[in-house]
Amino acid sequence: TAIANPIGQVLTFLGATMVGGGGGGGGGGPNRSDFNGDGQADILWQNSATGERSIWIMSGTTYAGSVSLPTVSTAWSIAGSSDFNGDGQADILWQNSATGERSIWIMSGTTYAGSVSLPTVWTAWSIRNY
């Protein structure tokens, strides 16, 4: 679904991935889309026309700010987020539908800290993160 954000850009909504009811307190488990460490889900955005990516920092259902990520080729799309390296911080899972490449961006909060390439798979396969 494409919608306009508060500064008028049209972006493709990816949604937030939450595990264990959103985590934080109450024994619910980690919130795997919490990029700024406040225990609340944040939203990943991607502009499929320009390759721009950003994170909306959320306070519950209230927009609290945004952080721009490095621009990536439009062949790459965000497939989800989770803590892949076990450091307690959300990382970003990517897929390239043209080549079958997959990659994980290791994040330090809202800052890109490095990447890990995953094995290439047939382009008929895609990652689904519901």
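That block above? That's the structure.
The structure displayed is predicted, hence computed values, not measured ones.

Draft legend 1. Region of interest: the sheet that holds strand 8 (residues 102-108). The strand order across the open sheet built from 4 strands is 6-7-8-9, with neighbouring strands paired in antiparallel fashion. Sheet topology places strand 6 (76-82) and strand 9 (111-118) at the edges, where each strand pairs with a single neighbour. Between one strand and the next, the sheet's axes are offset by a mean angle of 25 degrees, whatever the strand orientation. Bridge analysis of strand 6 against strand 7 (residues 91-96) gives 6 bridges, and the strand direction is antiparallel. Counted as the bridge partner of glycine 80 is leucine 93 from strand 7.

Draft legend 2. The arrangement of the side chain of arginine 53 in detail. Note on placement: arginine 53 falls in strand 4 (residues 53-59). Engagement of the side chain of arginine 53 in a polar contact is seen with the side chain of glutamine 46, the distance being 3.2 Å. Within the structure, arginine 53 has its side chain in polar contact with the backbone oxygen of glycine 51 (distance 2.6 Å). Discounting residues that sit within four places of it in the chain, arginine 53 has contacts with Trp45, Gln46, Ser68, Leu69, Pro70, Val72, Ser73, Trp76, Ser77, Ile78 and Trp94.

Draft legend 3. Here's a closer look at a nonpolar patch on the surface. A contiguous nonpolar surface patch, about 430 Å² in accessible area, is contributed by Val121, Trp122 and Trp125. Assignment of secondary structure puts valine 121 in the segment after strand 9.

Draft legend 4. Local environment of the pairing of strand 5 (residues 62-69). Pairing geometry for strand 4 and strand 5, over 7 bridges, is antiparallel. Bridged to isoleucine 55 within strand 5 is valine 67. If you look at the hairpin formed by strand 4 and strand 5, you'll find 2 residues sitting between the two strands, and glycine 60 has a positive phi there, around 65 degrees.

Conventions we followed
Residues numbered from 1 in each chain as written. Predicted model: local features only at pLDDT ≥ 70, side-chain atom pairs only at ≥ 80, totals over all residues. Heavy atoms only, no water. Pairing = 2+ DSSP bridges. Helix = DSSP H or I, 4+ residues; strand = E, 2+ residues; numbered from the N terminus. Axes fitted to C-alpha atoms, helices over the stretch in contact; angles between N-to-C directions. Polar contact = N/O pair within 3.5 Å; in protein donor to acceptor, adjacent residues only side chain to side chain. Contact = heavy atoms within 4.5 Å. Patch = residues over 30% accessible without salt bridge, like charges linked within 9 Å, V, L, I, M, F, W, Y side chains within 5 Å. Areas by Shrake-Rupley, 256 points an atom, 1.4 Å probe, with all protein chains shown as cover. Salt bridge = Lys/Arg side-chain N within 4 Å of Asp/Glu carboxyl O.

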